[in-house]
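Overview (structure and organization)
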Amino acid sequence: MSGTATLAAGAAACLLSASAAIPLKRLAFRWGLTDRPGGHKSHARPTPYLGGIAILLATVLITAAATGLADWQLIAILLGGTAVAAIGLIDDVGSLPAVTRLVVETVVTTAVVLSGIRLTVTGGWPDVPITVIWIVLITNSFNLLDNMDASLGAVATVTAVFLAAMALLQGRPDLGIFLAVLTGAAFGFLLHNWPPAKMFMGDSGSLFIGFALTCSAVVLIAGPGPDVVAGGLLLSTFVATVDTGVVVLSRIRAGRPPLMGGTDHVSHRLRKLGLSARLVAVVLGLIAALTCGLCTAMILGRVSPLAAALVAGGAAVACVCLLQGVNVYPPHRSLEKPSRIRERRR
């Protein structure tokens, strides 16, 4: 497929995602599927979920039409992504224990990895559990990144663009089209999620995006040598990975349960430093562009994999440590009961 046709597929997904979100928003209000203000949430009025369904529908339908689903790796990613999105939707509508979600995500991911989507770290059987753990971990990191208006949407749109370029440059047209379509679908929903958000994507959207991007990165970066794998995976998922690192470390240091909800993510810390919600989304998107750009340069052989891995690791550690200095825990504040993986807004 030509570049023009790929761009057309992305534009079609953008239009479909933006359009489908409108009736889904009405349906969410009718069924009471809204995130209500209160607790650590900063939005002032009930905001509907189901935006993730618009992203999923646009991505799957346009990808199927544009590619014919002839690539088995792409089929595995779409099936796995749809499965984790379904789990996220169940969690949006009702409530699932964290253990149940993790078990289902692990089973789905294992099936996808056994189909052939895996990293090349050791060259033997340990690559299977390593890949499963990485995909599950980073899928949930993207899920937790959806903690402020447009934060995940901006990062997902930028990341998908660069991964699409990598796929096309590596001669993987079907995967490139899929990622271009995902870019359009994420951007189309971003129009509804831009601060102040009129709609949230919910766990169905954040888990689908996280799974799709993480699996695609594994396919594109499963090269020889641990330096390629380490540098490529960290750079392509930098914002989500650092956000999880910041939150987990700060909660451990503060004696707080790691899985509790809270306003202690990177986005919240940037707000504490004086940035507006819109500027936070822009900054996170720019960081994703810089790291994914370096990852692309590494894949093209313009940057040494070892140098890329060292830069990525050093930058990640620096960000995690420096952001610990932003005070986000008010004194004498009662802790929330840690009951779920997902972090309801804000």
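What this report covers is the structure whose coordinates are included nearby. (Residues numbered from 1 in each chain as written. Predicted model: local features only at pLDDT ≥ 70, side-chain atom pairs only at ≥ 80, totals over all residues. Heavy atoms only, no water.)

As for the overall build of the protein chain
The condition that has to hold: Here a strand is any run of E in DSSP of at least two residues, a helix any run of H or I of at least four, and the numbering for each starts at the N terminus. We take the radius of gyration over the C-alpha atoms and set the globule estimate at 2.2 Å times the residue count to the 0.38 power. Note on classification: 1.4 Å probe, protein chains only; a residue is buried when its accessible area is under 20% of the maximum for its type, exposed when over 50%, partly exposed between these limits. Contact criterion: two residues are considered in contact whenever any of their non-hydrogen atoms come within 4.5 Å of each other. Here the open area of atoms and residues is found with the Shrake-Rupley method and a 1.4 Å probe, where only the protein chains shown may cover a residue. In this charge count, Lys and Arg are treated as positive and Asp and Glu as negative; neither His nor the chain ends contribute. Charge positions come from single atoms, namely NZ of Lys, CZ of Arg, CG of Asp or CD of Glu.
The helix and strand inventory of the protein chain stands at 13 helices and two strands. In summary, the protein chain has a C-alpha radius of gyration of 19 Å against a globular reference of 20 Å for 346 residues, a match within 12%. C-alpha atoms of the protein chain, sized along the principal axes, occupy 55 × 45 × 35 Å. Across the 346 residues that make up the protein chain, the buried fraction comes to 55%. The contacts in the protein chain between residues at least 6 apart in sequence include a share of 77% that link residues at least 24 apart. Surface accessibility of the protein chain: about 13,800 Å² in total, with carbon and sulfur atoms responsible for 71%. When the 25 basic and 15 acidic side-chain charges of the protein chain are each reduced to a single mean position, those positions are 9 Å apart.

With respect to the nonpolar core
Rule in force here: As used here, the term nonpolar core means buried Ala, Val, Leu, Ile, Met, Phe, Trp, Tyr and Cys residues forming a set that is joined through side-chain atoms within 4.5 Å.
Of all hydrophobic cores here, the largest spans 92 residues; its most connected members are Leu179 and Leu213. The element best represented in this core is helix α8 (residues 202-221), accounting for 12 residues. Discounting residues that sit within four places of it in the chain, Leu179 has contacts with Ala160, Leu163, Ala164, Ala167, Leu213, Ser216 and Leu220.

Description of the pattern of salt bridges
Put simply, the rule is: Any Lys or Arg side-chain nitrogen located within 4 Å of an Asp or Glu carboxyl oxygen qualifies as a salt bridge.
On inspection of all chains with the given rule, the structure shows four salt bridges. A salt bridge links Arg251 to Asp264, with the shortest nitrogen-to-oxygen separation between them at 2.7 Å. Placement of Arg251 in helix α10 (residues 238-253) and of Asp264 in the loop between α10 and α11 (266-272) is noted, with a sequence separation of 13 residues between them. By relative accessible area, which is 2% here, Asp264 ends up buried. Salt bridges here are not isolated pairs; linked through shared partners, they connect Asp91, Arg101, Glu105 and Asp203.

A short note on the packing of helix α3 (residues 72-93) against helix α4 (residues 98-114)
Selection rule: A fitted line through C-alpha atoms serves as each axis, taken over the contacting stretch for helices, and the angle formed by two N-to-C directions is quoted from 0 to 180°. Roughly parallel means an angle under 35 degrees; roughly antiparallel means over 145; roughly perpendicular covers 65 to 115; every other angle is labelled oblique.
Close contact between α3 and α4 brings their axes to 9 Å; oriented N to C, the two are set at 175 degrees. Considered as vectors, α3 and α4 are oriented roughly antiparallel to each other. Across the interface between the two elements, Ala76, Gly80, Ala83, Val84, Ile87 and Asp91 of α3 pack against Arg101, Val104, Glu105, Val108 and Val112 of α4.

What to know about unusual backbone geometry
Note the cis peptide between Pro195 and Pro196, where omega equals -5 degrees. Looking at the secondary structure, you find Pro196 in the loop between α7 (173-193) and α8. Even without a glycine there, the phi angle at Leu50 is positive, about 80 degrees. Position of Leu50 relative to the elements: it lies in the loop between β2 (47-48) and α2 (51-67). The exposure class of Leu50 is buried, given its relative accessible area of 6%. Positive phi is not limited to glycine here, since Ala150 has a value of about 70 degrees. Along the chain, Ala150 falls in the loop between α5 (127-145) and α6 (151-169).

Focus on the environment of Asp264
Placed 64 residues apart in sequence, Asp264 and Val328 show a C-alpha to C-alpha distance of 5.7 Å. When near neighbours in sequence (up to four residues on either side) are disregarded, Asp264 contacts Val246, Val247, Ser250, Arg251, Arg269, Val328 and Tyr329.

Quick look at the environment of Leu102
Within the fold, Leu102 resides in helix α4. Look at Leu102 and you get partly exposed, because its relative accessible area is 36%. Sequence spacing of Leu102 and Leu137 is 35 residues, and the spatial spacing of their C-alpha atoms is 9.5 Å.

Quick notes on a nonpolar patch on the surface
The cut-off we apply is this: In this analysis, a patch consists of residues with relative accessible area above 30% that form no salt bridge, clustered at 9 Å for like charges and at 5 Å for the nonpolar side chains Val, Leu, Ile, Met, Phe, Trp and Tyr.
A cluster of nonpolar side chains, namely Leu69, Ile75 and Leu79, defines an oily patch on the protein surface of about 250 Å² accessible area. For Ile75, the location among the structural elements is in helix α3. You can call Ile75 partly exposed: its relative accessible area is 31%.

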